[in-house]
Amino acid sequence: MSDSESLFEAVATAKEDRVMALVREQIAAGVPATEILAECNRGMVELGNRFSSGDCFLPDLMFAGMIMKQAMAELSPLLAESEDATSRGTVVMGSVQHDVHDIGKDIVITMLRGVGFDVVDLGVDVPPEKFVEAITKHNPQVVGMSVLLTTCFKSVIATVAAIKQAGQREKVSLMVGGAAASDLLRQNAECDYYGRTAVDAVKFASSVAEAA
Ligand code: B12
């Protein structure tokens, strides 16, 4: 292991010890948690590119997922620091049906909670009817769907259709995000908002809360 290896490179090559050492070093040096996280995310995207080109394999993705969760355990308390203890509203979040990626969803949740939202985490591989049930039970202002697989576009569309069918569409704002999402998906699925990052999710939920 080279001591000059950056956090980006260490994540992209799934080097657990180096990632954790650099995360702790950067926290101690006062680098904002959001910046540390952004560099980890870029590393994960690079790892995905290496996976696509056959330079690494599924176990590497799984291992990197575990490393990211460890890094998140260190960063979450910093991301969740909030001056405002009163609830700003409720958000229901889940990774859509057939999608088990949860690292990005969990970051979105941590950041939303950090700025004072109550978040109901439905987990991963969430079928449309679970979103509908959660809306009935928790009466959220915002529902967020995370999607990392292009094969799961149809899950986003099916979730929105189920929400419409249940007569809930007018009472919730729908946001979609995750590496496979785009503004085109937002349009096709008739969501209200596409966000590229967890910070975008916070901005959108905050704008909905402020307008209420
Ligand atoms: C780690 C990983 C895995 C891990 C996941 C571990 C876990 N617990 O999540 C494991 C090993 C399980 C996995 C499995 C698979 N994976 Co995978 N995986 C990845 C990888 C490398 C990183 C994902 C990640 O965590 N990124 C870091 C997080 C922080 O980023 P993020 O999720 O995008 O979230 C950020 C934003 O998008 C945003 N965000 C996220 N959600 C939301 C929601 C809202 C509402 C908003 C506003 C914002 C938002 O906020 C976050 C922070 O800013 C990606 C590569 C990539 N480019 O994404 C491939 C990738 C997503 N996987 C891929 C594939 C193909 C698979 C498998 C099919 C592989 C296989 N052959 O089995 C399976 C599918 C499993 C399933 N059914 O879901 C492909 C998808 C290709 C495609 N176009 O569909 C990718 C892109 C890799 C590639 N380049 O080929 N994977």
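Residues numbered from 1 in each chain as written. Predicted model: local features only at pLDDT ≥ 70, side-chain atom pairs only at ≥ 80, totals over all residues. Heavy atoms only, no water.

1. Observations regarding the domain arrangement of the protein chain
Step number 1: Domain boundaries assigned for the protein chain yield domain 1 (7–79) and domain 2 (90–211).
Step number 2: Centre-to-centre, using C-alpha coordinates, domain 1 lies 24 Å away from domain 2.
Step number 3: Tallying the contact residues gives 10 residues for domain 1 and seven residues for domain 2.
Step number 4: Counting the surface lost from both domain 1 and domain 2, the interface buries some 640 Å², and carbon and sulfur atoms represent 78% of this.
Step number 5: Interface area lost by domain 1 to domain 2 is led by Lys69, Met72 and Leu79, which between them contribute 56%.
Step number 6: At the boundary of domain 1 and domain 2, one finds one salt bridge.
Step number 7: In this structure, the salt-bridge partner of Lys69 is Asp102, at a minimum N-O distance of 2.8 Å.
Step number 8: At the boundary of domain 1 with domain 2, the tally comes to one residue pair in polar contact (both at pLDDT 80 or more).
Step number 9: Among the secondary structure elements, those contributing two or more residues to the side of domain 1 that touches domain 2 are α3 (33–52) and α4 (58–79).
Step number 10: In terms of residue count, α4 provides more of the side of domain 1 that touches domain 2 than any other element does, six residues in total.
Step number 11: Here the side of domain 1 that touches domain 2 is built from residues that sort into five nonpolar, four polar and one charged. (Domains from an automatic or database assignment. Contact = heavy atoms within 4.5 Å. Buried area = accessible area lost by both parts, 1.4 Å probe. Salt bridge = Lys/Arg side-chain N within 4 Å of Asp/Glu carboxyl O. Polar contact = N/O pair within 3.5 Å; in protein donor to acceptor, adjacent residues only side chain to side chain. Helix = DSSP H or I, 4+ residues; strand = E, 2+ residues; numbered from the N terminus. Nonpolar A, V, L, I, M, F, W, Y, C, P; charged D, E, K, R; others polar.)

2. Considering the coordination of the cobalt atom of the ligand
Step number 1: Coordination of the cobalt atom of the ligand by the protein comes from a single atom, His101 (NE2), at 2.3 Å.
Step number 2: Following the sequence through the fold, His101 ends up in the loop between β1 (90–95) and α5 (103–114). (Donors = N, O, S within 2.8 Å, 3.2 Å for Na, K, Ca; no water.)

3. Thoughts on the environment of Glu39
Step number 1: As for its position among the elements, Glu39 is in helix α3.
Step number 2: Residue Glu39 is classed as buried on the basis of its relative accessible area, which comes to 17%.
Step number 3: Each C-alpha atom of the pair Glu39 and Val11 lies 8.7 Å from the other, and the pair is 28 residues apart in sequence.
Step number 4: When neighbours within four sequence positions are excluded, Glu39 is seen to be in contact with Ser6, Leu7, Phe8 and Gln26.
Step number 5: One polar contact links the side chain of Glu39 to the main-chain amide nitrogen of Leu7, over a distance of 3.4 Å. (Buried < 20%, exposed > 50% of the residue type's maximum accessible area, 1.4 Å probe, protein only.)

4. Quick word on the pattern of salt bridges
If the charged atoms of two oppositely charged side chains come close together, the side chains can form a pair.
Step number 1: Summed over the entire model, instances satisfying the criterion amount to 10 salt bridges.
Step number 2: The salt bridge partner of Lys105 is Asp121, with a shortest N-O separation of 2.9 Å. Within this pair, whereas Lys105 is found in helix α5, its partner Asp121 is found in strand β2 (residues 118–121), the two being separated by 16 residues in sequence.
Step number 3: Within the structure, one salt-bridge network assembled from shared partners comprises Lys105, Asp106 and Asp121.

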